[in-house]
Amino acid sequence: MKLEEIKALDKKYFMNTFGERTPVAFEKGEGMYLYTEEGEKYLDMFAGIAVNALGYAHPKFTAAVQAQAGKLLHTSSLYYIENQARLAEKICSISCADKVYFGNSGAEANEAAIKLAKIYFYKKGVEKYEVISLKSSFHGRTLATVAATGQEKYQKPYAPLIPGFKQVEINDFAALESAVTDKTCAILLEPVQGESGVHPVDEEYLKKVRALCDEKEIILIFDEIQTGIGRCGRMFCYETYGIEPDVFTLAKALGGGVPIGAVCAKDFVAQAFEPGDHGGTFGGNPLACAAGLAALSAIEEEKLIENAAKMGEYIEKALKESCVEKLGEIRRCGLMIGIDIPGRAKEVRQKLFEKHILVGAVGDVTLRVLPPLIISEKEADEFVNALKDIL
Ligand SMILES: *Cc1c(COP(=O)(O)O)cnc(C)c1O
């Protein structure tokens, strides 16, 4: 179907939540590149918003998903599911978590994490239900996660919001401390804020937050939906801070492109969920968990975490050598890269698109770059050289 026909259908039948999209539709992908039906080739430096860690048509991953699709897609969790048990085991074996629950998206994983923190205190008979998160955060689009997301544009139309949520300024420990009450059940934060333009929390701050949670008996939840699964040059971003959350959530790259979300928790919190307390029809089905298992083994076998750390440094160095005088601040954690180009970010994203390179932009300030973790120097150079030409 031609792009104009797709656009017409979309305009007529799809709810207008995404407005004018980037005017392109892709038919297939291979490695770091996407192709339109007409065979035009695009370098993907955004990975479907940090989802496609393995790039496109990864041979082993694709074969695993195809094989599972041919055998069994869904049974419901009324029955035991081998892939679900194995993926839960795998995540626990590589993280600080003891137990995992699967949903279908990031927002759903955060919902489950919030419910878990609440029910933990409910079962103890302690009246704690408030959740503190950070301003400029992003935790999803369901009603509870919108209440946790510290951005007015996402909250305003849905007032009155679910009560018990408040947000404080990032890296301001005094503000956080004074927001805590004897009703606070959880502090929820992204180790590196993604959607608002790659803003990391400070190490000192995070260590104090951990200590505060221990002292006041508050569940510390990290939203690692974007930072997790190798994106930050470690399997999980919390490893770079040398502290452990009580609960963390995953989604985006976990299924290599197949929808899956996970809430991962230490045993003392996880045991609060008992039969009937939480659930979902699709969560952790055989297909999604086969995809998760295949994605994680590809990431390990091909040393993509090491590659993310190395290529993140390579891109930052190349940017600094070639066009630093035209750029504002560069913020980076592994392959999660924010490049400030105030007043020009949208224009630069558009010009990169015209050169067939896909990136994101946050407002008109920050270029957001989230390439697949398989990126090599060749594609990194292609991106940096194009950016240099544009600037
Ligand atoms: C994308 C994202 C979410 C929401 O995930 P969905 O799958 O879109 O619901 C939540 N938190 C963070 C940090 C994200 O990047």
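All values derive from a computational prediction rather than experimental measurement. (Residues numbered from 1 in each chain as written. Predicted model: local features only at pLDDT ≥ 70, side-chain atom pairs only at ≥ 80, totals over all residues. Heavy atoms only, no water.)

Quick look at the overall build of the chain
Line of reasoning, step 1. Scanning the chain from N- to C-terminus turns up 14 helices and 17 strands.
Line of reasoning, step 2. The globule rule puts the C-alpha radius of gyration for 391 residues at 21 Å, and the 21 Å found for the chain is close to it.
Line of reasoning, step 3. In terms of overall dimensions, the chain has a C-alpha envelope of 60 × 50 × 45 Å along the principal axes.
Line of reasoning, step 4. The buried share of the chain, taken over its 391 residues, is 53%. (Helix = DSSP H or I, 4+ residues; strand = E, 2+ residues; numbered from the N terminus. Rg over C-alpha atoms; globule rule 2.2 N^0.38 Å. Buried < 20%, exposed > 50% of the residue type's maximum accessible area, 1.4 Å probe, protein only.)

Some thoughts on the nonpolar core
Line of reasoning, step 1. Counting 97 residues, the largest nonpolar core has Met45, Ile187, Ile315, Ile339, Leu352, Phe383 and Leu387 as its most contacted members.
Line of reasoning, step 2. With 10 residues, helix α11 (residues 286-301) is the largest single contributor of residues to this core.
Line of reasoning, step 3. The contacts of Phe383, once residues within four sequence positions are left out, are Leu43, Met45, Ile315, Ile339, Leu352, Ile357, Val359 and Val369. (Core = buried A, V, L, I, M, F, W, Y, C linked by side-chain atoms within 4.5 Å. Contact = heavy atoms within 4.5 Å.)

Thoughts on the sheet that holds strand β4 (residues 99-103)
What holds strands together in a sheet is hydrogen bonding between their backbones, with the strands either parallel or antiparallel.
Line of reasoning, step 1. Sheet architecture is open: seven strands sit in the order β4-β12-β11-β10-β7-β5-β6, paired in mixed fashion. This sheet does not close on itself; its edge strands, each paired only once, are β4 and β6 (165-168). The sheet shows a mean angle of 20 degrees between the axes of neighbouring strands, direction not considered.
Line of reasoning, step 2. Relative to strand β7 (residues 184-189), strand β5 (residues 130-134) runs parallel, the two sharing three bridges. Of the residues in β7, the one forming a bridge with Ile132 is Ile187.
Line of reasoning, step 3. Against the sheet, helix α4 (residues 82-94) engages β4, β11 (247-250) and β12 (261-265), with an angle of about 125 degrees to β4. (Pairing = 2+ DSSP bridges. Axes fitted to C-alpha atoms, helices over the stretch in contact; angles between N-to-C directions.)

What about the pairing of strand β10 (residues 219-223)?
Line of reasoning, step 1. Among the five residues that make up β10, five are buried, leaving the element largely enclosed by the rest of the structure.
Line of reasoning, step 2. What you see with β10 is no split at all: Ile219, Ile221 and Asp223 on one side and Leu220 and Phe222 on the other are buried throughout.
Line of reasoning, step 3. Relative to β11, β10 runs parallel, the two sharing three bridges. Note that in β11 the partner of Phe222 across the bridge is Phe248.

Brief notes about the site of the ligand
Line of reasoning, step 1. What surrounds the ligand is the set Ser105, Gly106, Ala107, Asn110, Phe138, His139, Gly140, Glu190, Asp223, Ile225, Gln226 and Lys252.
Line of reasoning, step 2. Separating an oxygen atom of the ligand from a backbone N or O atom of Gly106 is a distance of 2.8 Å.
Line of reasoning, step 3. In the environment of the ligand, a nitrogen atom lies 3.1 Å from a nitrogen or oxygen atom belonging to the backbone of Phe138.
Line of reasoning, step 4. Notes on the ligand: free accessible area 380 Å², of which the protein chains cover 80%.
Line of reasoning, step 5. Among the elements that line the shell around the ligand, the one with the most residues is helix α5 (residues 106-124), at three residues. (Near = heavy atom within 4 Å. Polar contact = N/O pair within 3.5 Å; in protein donor to acceptor, adjacent residues only side chain to side chain. Areas by Shrake-Rupley, 256 points an atom, 1.4 Å probe, with all protein chains shown as cover.)

Structural notes on the pattern of salt bridges
Line of reasoning, step 1. Per the counting criterion, the structure on display carries 23 salt bridges.
Line of reasoning, step 2. With its nearest N and O atoms 2.5 Å apart, the salt bridge here joins Glu316 to Arg332. Of the two residues, Glu316 is situated in helix α12 (residues 304-323) and Arg332 in strand β13 (residues 330-333); the sequence distance between them amounts to 16 residues.
Line of reasoning, step 3. For Glu316, a relative accessible area of 16% corresponds to the buried category.
Line of reasoning, step 4. The network of salt bridges with common partners includes Lys123, Glu274 and Asp277. (Salt bridge = Lys/Arg side-chain N within 4 Å of Asp/Glu carboxyl O.)

Considering the sheet that holds β13
Line of reasoning, step 1. As summarised here, the arrangement of the four strands in space is β13-β14-β17-β16, forming an open sheet in which the pairing is antiparallel. Each edge of the open sheet is held by one strand with a lone partner, namely β13 and β16 (360-362). Averaged over all pairs of adjacent strands, the angle between strand axes in this sheet comes to 20 degrees, irrespective of strand direction.
Line of reasoning, step 2. Two strands pair when backbone bridges link them, and β16 and strand β17 (residues 366-369) are joined in this way by three bridges, in the antiparallel orientation. Residue Val362 lies in a different strand from β17, and its bridge partner there is Thr366.
Line of reasoning, step 3. Contacts between α12 and the sheet are confined to β13 and β14 (336-340), with β13 contributing the most and set at about 170 degrees to the helix.

Re the environment of Glu20
Line of reasoning, step 1. Tracing the backbone shows Glu20 in the loop between α1 (3-13) and β1 (28-30).
Line of reasoning, step 2. By relative accessible area, Glu20 is classed as exposed at 71%.

What to know about the pairing of β17
Side chains on a regular strand alternate between the two faces of the sheet.
Line of reasoning, step 1. Neither face of β17 is open: one carries Thr366 and Arg368, the other Leu367 and Val369, and all of them are buried.
Line of reasoning, step 2. With four bridges joining them, β14 and β17 adopt antiparallel strand pairing. By the bridge assignment for β17, Ile337 is matched with Val369.
Line of reasoning, step 3. Between β16 and β17, which pair antiparallel one after the other, the connecting turn spans three residues, and Gly363 there sits at a positive phi close to 55 degrees.

Regarding the packing of helix α3 (residues 59-71) against α11
Line of reasoning, step 1. Relative to each other, α3 and α11 sit at 160 degrees, their axes nearing to 9 Å. As judged from the angle between their axes, α3 and α11 are roughly antiparallel. Handedness of the α3/α11 crossing: right-handed. Across the interface between the two elements, Lys60, Phe61, Ala64, Val65, Gln68 and Ala69 from α3 touch Pro286, Leu287, Ala290, Ala291, Ala294, Ala295 and Glu301 from α11.
Line of reasoning, step 2. A class-by-class count of the residues in the contact of α3 with α11 yields 10 nonpolar, one polar and two charged. (Parallel < 35°, antiparallel > 145°, perpendicular 65-115°, else oblique. Left-handed = near helix turned anticlockwise from the far one by under 90°. Nonpolar A, V, L, I, M, F, W, Y, C, P; charged D, E, K, R; others polar.)

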